[in-house]
Amino acid sequence: MVAMTDYVIADDTGLLPRDGTIKLHGPAGFDGMRKAGRLAAEILDALVPLVRPGVTTAAIDDVVRKMTLDGGAVPATLGYRGYTHSCCISINHVVCHGIPSEGRALKDGDIVNIDVTPLLDGWHGDSSRMYLVGDVPLKARRLVEVTYECLMLGIAKAQPGARLGDIGAAIQAHAERQRYGVVREFCGHGLGRLFHDSPEVIHAATAGTGPELKPGMFFTIEPMINLGRAAVKILDDGWTAVTRDRSLSAQFEHSIGITETGHEIFTTSPAGLHCPPYAG
């Protein structure tokens, strides 16, 4: 049985309450999200030549901050719940929320997720992408490839009249066919003028369950897929999530909107750099 959900027509001209309702946005909201999403994608595109052995994660964070500010936005993560950086950089067995550091230089063979959220004119463009550092083993490359496939299979289910669970079911089925683990502790989320809002987008779910997808809904899909078991733990810094079995983890994230006929991806790469290997 599908639970009842409250939907509200959003006022896209002002700050919206985080009250558990699912906001339905109009043309102004779509326009705002296109601009914010494009900036996020442009930042991730620009990082391609920078992600190489010897570069520190702090240096990458500096570039993200500068590009965000130069684009007329501010990094939504900077100061968020005490977080002091402009992006999250998660390497190898780090699932998400890795903290940039001067002491962590990228190494040959690393796989890296970089997650950016520019806040532009009141709208959040939230996206993350995987990068390969130098000569990456085949099993790690395959994990990255399948994780991107999971994202796109989930997005394909994002149609008006579908259920939110259809997205997670598609992701889970594809990942588990490869014997990978789908992280449950973190999920996608509604966004727009709010960084995190309803609904929660679960990446392991049952088809036909959850809220109905309606035109005007904005949310992220951001599956975290582990080479080993799905279980994760949070380190003592209160942010960094890692796989409990120290297996590799990968993630991709897009921000999307539901339209009358399907969906729109706000964070598509302008340069066509959707999934590695990228041309440096």
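Here we summarise the structure given alongside this text. (Residues numbered from 1 in each chain as written. Predicted model: local features only at pLDDT ≥ 70, side-chain atom pairs only at ≥ 80, totals over all residues. Heavy atoms only, no water.)

This part covers the packing of aromatic side chains. For the structure on display, the rule yields eight aromatic pairs. Ring centres of tryptophan 123 and phenylalanine 218 lie 6.5 Å apart, and the angle between their planes is 70 degrees; this geometry places the pair in the edge-to-face category. Of this pair, tryptophan 123 sits in strand 8 (residues 123-124) while phenylalanine 218 sits in strand 13 (residues 218-221), and the two are 95 residues apart along the sequence. An identical accessibility class is assigned to tryptophan 123 and phenylalanine 218; each is buried. Here the aromatic residues Phe30, Trp123, Phe218 and Phe266 are joined through ring pairs into a cluster of three or more. Just above the ring of tyrosine 7 sits the side chain of lysine 214; from NZ or CZ to the centre is 4.0 Å. (Phe/Tyr/Trp six-rings, centres within 6.5 Å; stacked < 30°, edge-to-face > 60°. Helix = DSSP H or I, 4+ residues; strand = E, 2+ residues; numbered from the N terminus. Buried < 20%, exposed > 50% of the residue type's maximum accessible area, 1.4 Å probe, protein only. Lys NZ or Arg CZ within 6 Å of the ring centre and 35° of its normal.)

Turning to the nonpolar core, a few remarks are in order. The nonpolar side chains of soluble globular proteins are, as a tendency, buried together. Counting 65 residues, the largest nonpolar core has Ile60, Ile114 and Phe219 as the members making the most contacts within it. The leading source of residues in this core is helix 3 (residues 138-156), at eight residues. Residue contacts for isoleucine 114: discarding those within four places in its chain leaves Leu44, Leu47, Val51, Ile60, Cys87, Cys88, Ile89, Ser127, Ser128, Arg129 and Tyr131. Membership of the second largest hydrophobic core comes to seven residues, among which are Val95, Phe186, Met224 and Ala241. (Core = buried A, V, L, I, M, F, W, Y, C linked by side-chain atoms within 4.5 Å. Contact = heavy atoms within 4.5 Å.)

Our next topic: the pattern of salt bridges. For the coordinates displayed, the defined rule picks out 13 salt bridges. A salt bridge links lysine 23 to aspartate 19; the shortest N-O distance between them is 3.2 Å. A residue is classified by how much of its surface remains accessible, and lysine 23, at 5% relative accessible area, is buried. Here the salt bridges do not stand alone but share partners, grouping Asp19, Lys23 and Asp197 into one network. (Salt bridge = Lys/Arg side-chain N within 4 Å of Asp/Glu carboxyl O.)

What the three strands build is an open sheet, ordered 4-6-9; its pairing is antiparallel. Two strands lie at the open edges of the sheet, namely strand 4 (88-91) and strand 9 (127-132), each paired on one side alone. Each strand axis lies, on average, 20 degrees off the axis of its neighbour in the sheet, ignoring direction. Set on the sheet, helix 1 (residues 27-46) makes contact with strand 6 (111-116) and strand 9; between it and strand 9 the angle comes to about 10 degrees. (Pairing = 2+ DSSP bridges. Axes fitted to C-alpha atoms, helices over the stretch in contact; angles between N-to-C directions.)

Attention now goes to the environment of histidine 189. Looking at where histidine 189 falls in the secondary structure, it is placed in strand 11 (residues 188-190). Every residue in contact with histidine 189, bar those within four places of it in the chain, is listed here: Asp126, Phe195, His196, Asp197, Pro199, Val201, Phe219, Thr220, Glu222 and Glu253. Within the structure, histidine 189 has its side chain in polar contact with the backbone oxygen of phenylalanine 195 (distance 3.2 Å). (Polar contact = N/O pair within 3.5 Å; in protein donor to acceptor, adjacent residues only side chain to side chain.)

Examined against the element boundaries, asparagine 113 turns out to sit in strand 6. In this structure the side chain of asparagine 113 is engaged in a polar contact, spanning 3.0 Å, whose partner is the side chain of serine 128. For asparagine 113, the residues in contact, after removing those within four places along its chain, are Cys88, Ile89, Ser90, Ser128, Arg129, Met130, Gln251 and Phe252.

What follows concerns unusual backbone geometry. Backbone geometry follows two general trends: most residues other than glycine have a negative phi, and most peptide bonds adopt the trans configuration. Of note, the amide linkage connecting serine 198 to proline 199 takes the cis form, showing an omega dihedral of 5 degrees. Residues proline 276 and proline 277 are joined by a peptide bond in cis, for which omega reads 5 degrees. Here asparagine 92, not a glycine, exhibits a phi torsion of approximately 55 degrees, which is positive. Inspection of the secondary structure assignment puts asparagine 92 in the loop between strand 4 and strand 5 (94-96).

Here strand 13 shows no split at all, with Phe218 and Thr220 on one side and Phe219 and Ile221 on the other all buried. Bridging between strand 13 and strand 18 (residues 254-258) involves four bridges; their strand directions are antiparallel. In the strand pairing of strand 18, phenylalanine 219 is matched with isoleucine 256.

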